[in-house]
Amino acid sequence: MIENGKSNKFVYEEVADSIATQIKSGTFQTGEQIPSVRKLSKSLGISTTTVEQSYILLEGLGLIQAKPHTGYFVKEAKAHLPEIEFNKNHDMHHEKGAH
């Protein structure tokens, strides 16, 4: 595991976390193109392979989508929020029923 002084995460995981946070906070909107692999690689001073790994991870989570010869785009900025809200509501109903 690569340690960069801040955490025990791999660099690609930290990059993916950062982009996911920006998507969920609304910095990147649904349908918006995120920085190209080369541009992000250059601005962060990391390899293109690391950025590609981050984007593959985000794609697997359903947050971004690759469009061949065009780039990566945000799929659903709030994709995972309904599930989280459902879990909170489910827990609240469970707690109410238990009392």
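Keep in mind that this is a model prediction, so the values were computed, not measured.

Peer 1: Whenever I open this one, the overall build of the protein chain confuses me. Can you help?
Peer 2: For the protein chain, the count of helices and strands is 4 helices and 2 strands. In the protein chain, the succession of α and β elements from N to C terminus is α-α-α-β-β-α. Expressed as a percentage of the 99 residues in the protein chain, the buried residues total 21%. Within the protein chain, counting contacts between residues at least 6 apart in sequence, those at least 24 apart form 47% of the total. On the protein chain, roughly 7000 Å² of surface is accessible, and the fraction owed to carbon and sulfur atoms is 54%.

Peer 1: Hey, could you run me through the pattern of salt bridges in this one?
Peer 2: Tallied over the entire structure, the rule returns 1 salt bridge. Lys 9 is paired through a salt bridge with Asp 17; the nearest N and O atoms lie 2.1 Å apart. Judged by its relative accessible area of 35%, Lys 9 falls in the partly exposed class. For Asp 17, a relative accessible area of 34% gives the class partly exposed.

Reading guide: rules and limits
- Residues numbered from 1 in each chain as written.
- Predicted model: local features only at pLDDT ≥ 70, side-chain atom pairs only at ≥ 80, totals over all residues.
- Heavy atoms only, no water.
- Helix = DSSP H or I, 4+ residues; strand = E, 2+ residues; numbered from the N terminus.
- Buried < 20%, exposed > 50% of the residue type's maximum accessible area, 1.4 Å probe, protein only.
- Contact = heavy atoms within 4.5 Å.
- Areas by Shrake-Rupley, 256 points an atom, 1.4 Å probe, with all protein chains shown as cover.
- Salt bridge = Lys/Arg side-chain N within 4 Å of Asp/Glu carboxyl O.

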